[in-house]
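Listed here are the chains, written in short residue letters.
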Amino acid sequence: MLAAYAATLAPDDPLSGLVVGDRPTPDVPDGWARVRVKAASLNHHDVWSLRGVGLPADRLPMILGCDAAGVDEAGNEVVVHAVIGDPHYRGDETMDPKRSLLSERFQGTLAEEVVVPRRNLVPKPAELSWEEAACLPTAWLTAYRMLFVQSGLQPGGTVLVQGAGGGVSTALIRLGSAAGFRVWATSRDEAKQARAVELGADQAFGSGARLPDRVDAVMETVGAATWSHSLKSLKQGGTLVISGATSGATPANGELNRIFFLQLRVVGSTMGTRDELERLIEFCRLTGVRPVVDSTYPLAQAAEAIGRLVTGDVMGKIVLTVD
Ligand SMILES: NC(=O)c1ccc[n+]([C@@H]2O[C@H](COP(=O)([O-])OP(=O)(O)OC[C@H]3O[C@@H](n4cnc5c(N)ncnc54)[C@H](OP(=O)(O)O)[C@@H]3O)[C@@H](O)[C@H]2O)c1
């Protein structure tokens, strides 16, 4: 079958290890299901994998991709939950010490077929297109958990979203505004600032700009480049939720004095549970909110599509479609 996979790892030239070519059709272990992929969305995770972050060389070749929507062997339309845990673990799957994401230990979704534990399949409602449904399991689920599980935000509160153009960030803007939060967003790019306002942000600013007021919570995925600004933007007792560090993990100023003196909360967040994915899908169905799709490419053009994530030339999600 056709697949986009990491054949080698290259920290400084991630696209050099990417191959779009033939891989064996996967076997289906007991309790697992085969999904014929209709659409798969890209995440920055795919770039990290090609750089060798979270993907050791002894697991290669590895098909990339965390997110898919498709059809199972019984003909059901499904969305794939990307967190693969220990089948004996009970409780919040994101807390399972043995959990991994698709494409870390098990072959990913940028392929004509993917196999996953049957419990990882969630029904896809007819209202969502294949492309929209394929955006939900990683970026949108992460945004849902950051906003509605980790932040402590209440409707009417103000939230700052750093790096407006990203897959997670556009989800935070759409979900936050639909939930009645005042959303402020930053971006390095003026056109993306304008687009953030179209998506529902109350106001958008350049990266690092002084804000009109302090905020109740900050959603951080950019990391080192925005960390100091994020902490300086919080009210006394405010909450910073972090789920990524695209620009680096070592900020020049960690703002440690500010964290304890203003009693700020710094909360880590990763992915979301299967139940949260079901609630996110229901949220989209009830509110009419839909994922922000930057563009779609056929699977065969995966290299061009992933290149857009490497350069940061993206506003929302890039989706690969499979015939
Ligand atoms: N923990 C989890 O479960 C989880 C889940 C999903 C994602 N993540 C992580 O979260 C991060 C975002 O993921 P994504 O898929 O949304 O990525 P993405 O679509 O590639 O977006 C990255 C965004 O970060 C901003 N950015 C990048 N470098 C920057 C810099 N130097 N200064 C300011 N802004 C910068 C850009 O926003 P502007 O161009 O608008 O400035 C860009 O659009 C990644 O690191 C990813 O690994 C973690």
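Structure: above.
Keep in mind that this is a model prediction, so the values were computed, not measured.

Overview of the packing of helix α3 (residues 136-150) against helix α4 (residues 167-178)
Interhelical geometry of α3 versus α4 gives an angle of 50° and a closest axis separation of 8 Å. With respect to their mutual orientation, α3 and α4 come out oblique. Here α3 runs over α4; the crossing is right-handed. Here α3 contributes A139, W140, T142, A143, Y144, M146, L147 and F148 to the contact with α4, which in turn contributes G167, V168, T170, A171, L172, R174, L175 and G176. Considering only residue class, the contact of α3 with α4 consists of 11 nonpolar, 4 polar and 1 charged.

Details of the sheet that holds strand β1 (residues 2-6)
Ordered in space as β2-β1-β4, the 3 strands form an open sheet in which the pairing is antiparallel. Only two strands of the sheet have a single partner each, and these edge strands are β2 (18-22) and β4 (62-63). Contacts between helix α9 (residues 302-311) and the sheet are confined to β1 and β2, with β2 contributing the most and set at about 155° to the helix.

Thoughts on the state of the cysteines
One pass over the structure, following the stated rule, counts 0 disulfides. Lacking any disulfide linkage, C66 is separated from the closest cysteine sulfur, that of C135, by 13 Å. Cysteine C284 shares no disulfide, and the gap to the nearest cysteine sulfur, in C135, comes to 9.9 Å. What makes C284 buried here is its relative accessible area of 0%.

Thoughts on the site of the ligand
In the vicinity of the ligand, 26 residues are found, and the nearest of them are H44, S187, K192, S243 and M271. One of the backbone nitrogen or oxygen atoms of V168 is found 2.8 Å away from an oxygen atom of the ligand. Contact with the protein chains covers 88% of the free accessible surface of the ligand, which is 910 Å². For the shell around the ligand, the secondary-structure elements that each account for two or more residues are α1 (44-51), α3 and α4. Per-class residue counts for the shell around the ligand are 8 nonpolar, 16 polar and 2 charged.

Definitions and cut-offs
- Residues numbered from 1 in each chain as written.
- Predicted model: local features only at pLDDT ≥ 70, side-chain atom pairs only at ≥ 80, totals over all residues.
- Heavy atoms only, no water.
- Axes fitted to C-alpha atoms, helices over the stretch in contact; angles between N-to-C directions.
- Helix = DSSP H or I, 4+ residues; strand = E, 2+ residues; numbered from the N terminus.
- Parallel < 35°, antiparallel > 145°, perpendicular 65-115°, else oblique.
- Left-handed = near helix turned anticlockwise from the far one by under 90°.
- Contact = heavy atoms within 4.5 Å.
- Nonpolar A, V, L, I, M, F, W, Y, C, P; charged D, E, K, R; others polar.
- Pairing = 2+ DSSP bridges.
- Disulfide = S-S within 2.5 Å.
- Buried < 20%, exposed > 50% of the residue type's maximum accessible area, 1.4 Å probe, protein only.
- Near = heavy atom within 4 Å.
- Polar contact = N/O pair within 3.5 Å; in protein donor to acceptor, adjacent residues only side chain to side chain.
- Areas by Shrake-Rupley, 256 points an atom, 1.4 Å probe, with all protein chains shown as cover.

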